[in-house]
Each structure stands twice: as C-alpha cells, then as structure tokens.
Amino acid sequence: MQAIRIRDGIYRISANIGNKDLFEGIWPLPNGVSLNSYLVKGEKIALIDLVKDWDDAPGQIASQLASVGVSFDQIDYLIINHMEPDHTGWLRELREKNPKLQILASKKSIPLIKNFYGIEEGVKAVSSGDSLDLGDGKTLFFEDTPNVHWPETMVTWERSSKVLFSCDAFGSFGAMGNKAFHDELSASEKDFFDRETLRYYANIVSTFSPFVERAIKKLENLEIDVVAPSHGPIWREEPEKIVEQYAQYASWMKGPALPEITFVWSSMYGNTQRMVEPVLEGIRSEGVPVHVHRVPQEHVSFVLADAWRSTGIVLGMPTYEYKMFPPMAHVLDILDRSHVQSRTAFRFGSYGWSGGAQKQLEEFTSSMKWNCMEALEFAGAPDADDLALGRERGAELARAVKKMCQADK
Ligand SMILES: Cc1cc2nc3c(=O)[nH]c(=O)nc-3n(C[C@H](O)[C@H](O)[C@H](O)COP(=O)(O)O)c2cc1C
C-alpha cells in the first residue's frame, strides 16, 4: 500500500489489522481496525503516532514511508499523542533503527516512556500552546486533552493545513483497506463505520465522556479543516460531523439517549427465556426500536454499544447461586465501568426457591442511577398471568422511554 496524501507534505501511513485478535485484549474486531500514523514533511520530518508489532504493522508502515521516499532513520521527530501500546509498542525498535530520533510527548507521558520502553534520552515534554517548526511552512502545535483516553493524551495540529491529528478521539473500529477518507466510502461502508464508530466510542472512550466534552470545548479555538484520527476514516469533508457525533455520544452518558431499548437476556433452562417474546411484543406494540442480545452467546462489546445509544434497558436474568446469573453480572459490570447512567430499566427473571438476583441487581442500578420499574420475578416457569404482565411491562417501559426522550427535546 502507498502512503496517502492528505495535504502537500502530509501523508497518512496506516496499518490494516485483521480480525483474529481482541482490541485491548477484550473487544472483538470482526472487521479489523486501522492503526493510523501521519507523516509531516517540512525541512525536517515528523512522524505522528506509531504502531505496535501487530499483523506486521511495522512492515506495512515501512513500505508506505518508502513510497514517499522516507526511511525510519530519516525521521527527525516522533510525536506521541498517546502512550497506549497500539501507538507506541514499536518505539524501542524504532529508536534502535534511528538513535538520533527526537521524541516529543506530553509531560505526563515522560515517565510512561521510561517505564514502558526504558527510554529517557532524546525525549522532550510539550504542553498546550507549544509548537514545533519543521520548516517549509509546516508547524505543529500541541494541545493537552487529558483522559481522552489516558491521562497523558494530547492532540497535534498543523497550522498551514489545519489538519488535526486527534489520536484516539474521533476514531473508529474497522480496517480501512486501501481507503483513507470518510468521503470515499460507499453508503453501506458509511453505515458500517457509523456502527463501528459508536461501538469504538462505547467500548474504548465512553468512561471518559466528560473529558471528551472538555476536549471538544478546547478544540473550538482551533480552525480544523481535516480530522485525522489514529483509527478509522479521516474526515476532510465536513470534519465538524465527527466532532458533533462524538459530542452527541458523550452527552448520552447521563441519559436520555435515543428513544430505543436494549434488551439483554440470558437463560439456563428456558424459564426466563419464555418471558422474552411477550416483553418484546409489548415494546414493539409501542413502536420503539429494540436491540436484542442473548449473553453469553453475544459478546458484551455489542451489548455495550447498543446500551450506550438506548434510553431503555431490559434485563432478562435468572438467579444463580443466590446472585445474578454470571453472564448478566458481567454485562452489568461492563455497563457500570462505562458509566451507562440514568437509564430507564425493567428486569424479569426466574428463580427456584429463594431468588437473590434482584437484591444484587439493585446495588448496581442504584449506583448507576437507573430508574427501575418493578421487577417481574417468577418461581420456575412463568404462568399465563406472568406472561400477560410481561407484555404489559414491556409496553409500559416503551412508553416511559418515549416520554423521557420527548421531555428531553
Ligand atoms: C447452578 C444453579 C444455581 C441456582 N441457584 C439458585 C439460587 O441461589 N436461588 C434460587 O432461587 N434459584 C436458584 N437456581 C434455580 C434457577 O434460578 C431456576 O432453575 C430458574 O428457573 C432458572 O431459570 P432459567 O430456566 O431461565 O435458566 C439455581 C439453578 C442452578 C442451575
């Protein structure tokens, strides 16, 4: 693959990563992911963000650098926007190939560079407002954007081209293949990246939503013609779209989100399962879109993405060893860690003799500030009255969700 020109002297250098590994060791990548680095050529040469040794990413970027006549030992500066190893894992090897390489990173990155890679020499801390003149009209400016996604995160902006190198902010899952720009994607590819951008946000960034809002506020002072993130498409037409999209995602942390419901359920022997259809019927009778996931058959990554966008949550869960059924407990733990707050929720589920899931669930839902309807629990199999009540509760939840979203307009 060739380096792709963004503006004169500015290129995307990107590695396509396949689908066999989990991102951060947790999140599935059914359609891969891209690791985007950027080359800025003035009289001096800067590389912004690196890769780790993953699916031959170093080889992929070496050949793209070669396509614009640059080898690793010709790079003067490496700008590290973010220390996470997907962007820095190959740092020691790059330094060995290019001992004179100067590394620029935020102040908080400096101890991390030492701790992760044992590198102390040739490292310079930069902070908001600092700049680096590369000559030939190219100047890089740095802006700290703490906690988007780690505390040391910053973004880099090139003044002449107004390109923002935003690292994890405004990124997406999904490998880009030979394409670089959002405006090059077909309608179906745009839909796909819409979904993958939300899943990436929910899985990776959601916990830090208040910091995303702060960073977006800070970036209002910059003129931005192109948003160039470290994963996924580059936005050169209507770059404000992806910023608005991220602002909307961040606003969903405390709800209400969209007038939709995420319905997640689990069952060992089919008793809880018998309540799934009636509750779904009730929801659908009110015309509210519903995203259904059965766990552990489906990965929590997809549940979290849908829960992030949904104002309503349904939990179908039996009692297991006096507590919540473990696959559902895992879902709730992930929703809690990601701060999926202030949702309107309804739980149903079966128990054998004493129950216990509900008590434990209430500890979660109160810490997550969820507004919960009365739970529908039944011993063993649900009877006809239970099933009718389930349908009613589904419709009631759907009405509550519509009302909340209406009130929020
Ligand atoms: C390993 C195991 C542990 C269970 N622990 C409890 C329990 O602590 N309290 C309870 O009331 N029922 C308990 N049950 C009974 C289930 O909650 C009950 O069978 C229920 O109907 C299962 O729902 P399901 O068919 O949707 O899986 C347990 C069942 C199993 C298999």
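Remember, it's a predicted structure, so these values are computed and weren't measured experimentally. (Residues numbered from 1 in each chain as written. Predicted model: local features only at pLDDT ≥ 70, side-chain atom pairs only at ≥ 80, totals over all residues.)

Undergrad: Hey, could you go over the domain arrangement of the protein for me, with residue numbers and the actual values?
TA: When the domains of the protein are assigned, the result is domain 1 (4–251) and domain 2 (261–402). The centre of domain 1, based on its C-alpha atoms, is set 38 Å off from the matching centre of domain 2. Taken residue by residue, the interface counts nine residues in domain 1 and 10 residues in domain 2. Here the side of domain 1 that touches domain 2 takes four residues from helix α5 (residues 187–205), the largest share from any one element. In the side of domain 1 that touches domain 2, the residues fall into four nonpolar, four polar and one charged. (Domains from an automatic or database assignment. Contact = placed C-beta atoms within 7 Å. Helix = DSSP H or I, 4+ residues; strand = E, 2+ residues; numbered from the N terminus. Nonpolar A, V, L, I, M, F, W, Y, C, P; charged D, E, K, R; others polar.)

Undergrad: Which residues make up the packing of helix α8 (residues 276–285) against helix α12 (residues 384–408), and what values go with them?
TA: Between α8 and α12, the least distance of the axes is 7 Å, while the angle of their chain directions is 35 degrees. Regarding α8 and α12, the two cross each other, and that crossing is right-handed. Judged by residue contacts, P278, V279, L280, E281, G282, I283 and S285 of α8 engage L387, G390, R391, E392, R393, G394, A395, L397 and A398 from α12. Residues of the contact of α8 with α12, tallied by class, amount to eight nonpolar, four polar and four charged. (Axes fitted to C-alpha atoms, helices over the stretch in contact; angles between N-to-C directions. Left-handed = near helix turned anticlockwise from the far one by under 90°.)

Undergrad: Pulling in residues and values, what's your account of unusual backbone geometry?
TA: A cis amide bond links G255 with the next residue in sequence, P256, at an omega value of -15 degrees. Looking at the secondary structure, you find P256 in the loop between α7 (240–251) and β13 (258–265). A positive phi angle, close to 50 degrees, is found at D55, a residue other than glycine. Mapped onto the elements of the fold, D55 is located in the loop between β4 (45–48) and α1 (57–67). Overall, D55 belongs to the buried group, with 20 C-beta atoms counted inside 10 Å. Of note in the backbone geometry, N147 takes a positive phi value of approximately 65 degrees without being a glycine. Along the chain, the position of N147 falls in the loop between β9 (138–144) and β10 (154–158). (Buried ≥ 20, exposed ≤ 12 C-beta atoms within 10 Å, placed from the backbone.)

Undergrad: Could you give an account of the sheet that holds strand β3 (residues 33–41), naming the residues involved and the relevant values?
TA: With mixed pairing, seven strands are arranged side by side in an open sheet as β1-β2-β3-β4-β5-β6-β7. Strands at the two margins of the open sheet, each flanked by one partner only, are β1 (4–7) and β7 (123–126). Within this sheet the neighbouring strands show an average axis-to-axis angle of 25 degrees, counted without direction. With eight bridges joining them, strand β2 (residues 10–17) and β3 adopt antiparallel strand pairing. Across the sheet, the residue bridging to R12 is Y38, located in β3. Along the sheet face, α1 touches β2 and β3 and points at about 150 degrees away from the line of β2. (Pairing = 2+ DSSP bridges.)

Undergrad: Go over the site of the ligand with me, naming the residues and quoting the values.
TA: The ligand sits among 20 residues. The nearest are M268, Y269, T272, P318 and G352. Those elements that place two or more of their residues in the shell around the ligand are β16 (319–320) and β18 (344–351). Of the residues in the shell around the ligand, the class split is seven nonpolar, 12 polar and one charged. (Near = placed C-beta within 6 Å.)

Undergrad: Explain the sheet that holds strand β12 (residues 226–229) residue by residue, including any values.
TA: Ordered in space as β8-β9-β10-β11-β12, the five strands form an open sheet in which the pairing is mixed. Looking at the sheet topology across the chains shown, the edges are occupied by β8 (131–135) and β12. Within this sheet the neighbouring strands show an average axis-to-axis angle of 20 degrees, counted without direction. Note: strand β11 (residues 163–167) against β12, four bridges, orientation parallel. Bridging across to β12, L164 finds its partner in V227.

Undergrad: How would you sum up the packing of α5 against helix α9 (residues 300–309)? Please name residues and give values.
TA: At a minimum axis distance of 8 Å, the contact between α5 and α9 shows a crossing angle of 95 degrees. The pairing of α5 with α9 is recorded here as roughly perpendicular in orientation. Contact with α5, carried on its side by L198, R199, A202 and N203, involves S301, F302, L304, A305, W308 and R309 of α9 and no other residues of that element. Class assignment of the residues belonging to the contact of α5 with α9 gives a composition of six nonpolar, two polar and two charged. (Parallel < 35°, antiparallel > 145°, perpendicular 65-115°, else oblique.)

Undergrad: Summarise the UniProt feature "domain: Flavodoxin-like" (unreviewed entry) in the protein; cite the residues concerned and give the values.
TA: Under the UniProt annotation, "domain: Flavodoxin-like" (unreviewed entry) lies at residues 261–409. Secondary structure content for residues 261–409 is 46% helix and 23% strand, and the end C-alpha separation is 18 Å. (UniProt positions renumbered as here; feature names shortened; annotations may be inferred.)

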